[in-house]
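# Fold and geometry: a report
Here are the chains, one letter per residue:
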Amino acid sequence: VDKAQCEGPLSIVHKLEEDAGVDGKSLKFCHERLRSLLNTLRVNNLQDFTPVTKIADFVTLLGTYAQGFTVIVDPYPEAAGIYDPMLLLSCLDASL
């Protein structure tokens, strides 16, 4: 990504299906499966897994809602030339 982009959930799921070979329908259960795995492994310090949990939550939203929000990716949010990517989830529907 060279410049800021705004994409809907369907286009991101489609890219995941093509690039990673992930079935879009299985994304709905990502959060539940991660929670089940961590419980099965009897992980005590769940704070160590916060980054993975955030990704699982994000992908679960992508798989659950086909519309109602957009994803904004900005590779240079602070200053041009300083690569510090930012991913924003923008809700467009108050009922979500």
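Reading guide: rules and limits
- Residues numbered from 1 in each chain as written.
- Predicted model: local features only at pLDDT ≥ 70, side-chain atom pairs only at ≥ 80, totals over all residues.
- Heavy atoms only, no water.
- Core = buried A, V, L, I, M, F, W, Y, C linked by side-chain atoms within 4.5 Å.
- Buried < 20%, exposed > 50% of the residue type's maximum accessible area, 1.4 Å probe, protein only.
- Helix = DSSP H or I, 4+ residues; strand = E, 2+ residues; numbered from the N terminus.
- Contact = heavy atoms within 4.5 Å.
- Polar contact = N/O pair within 3.5 Å; in protein donor to acceptor, adjacent residues only side chain to side chain.

Membership of the largest hydrophobic core is limited to seven residues, which are Ile12, Val13, Leu27, Val59, Leu62, Phe69 and Val71. Looking at this core, the elements with two or more residues in it are helix H1 (9-20), helix H3 (50-64) and strand E2 (69-74). If we ignore the near neighbours within four places in the chain, the residues touching Ile12 are Glu7, Leu62 and Val71.

With a phi angle near 55°, Arg42 is a residue other than glycine that sits in the positive phi range. Within the secondary structure layout, Arg42 lies in the loop between helix H2 (30-40) and H3. Of the residues examined, Arg42 reaches a relative accessible area of 70% and is grouped as exposed.

What follows deals with the side chain of Thr60. For Thr60, the location among the structural elements is in helix H3. Given a relative accessible area of 14%, Thr60 falls into the buried group. Reaching out from Thr60, the side chain makes a polar contact with the backbone oxygen of Ala56 at a distance of 2.7 Å. Setting aside residues up to four positions removed in sequence, Thr60 forms contacts with Leu27, Lys28, Cys30 and His31.

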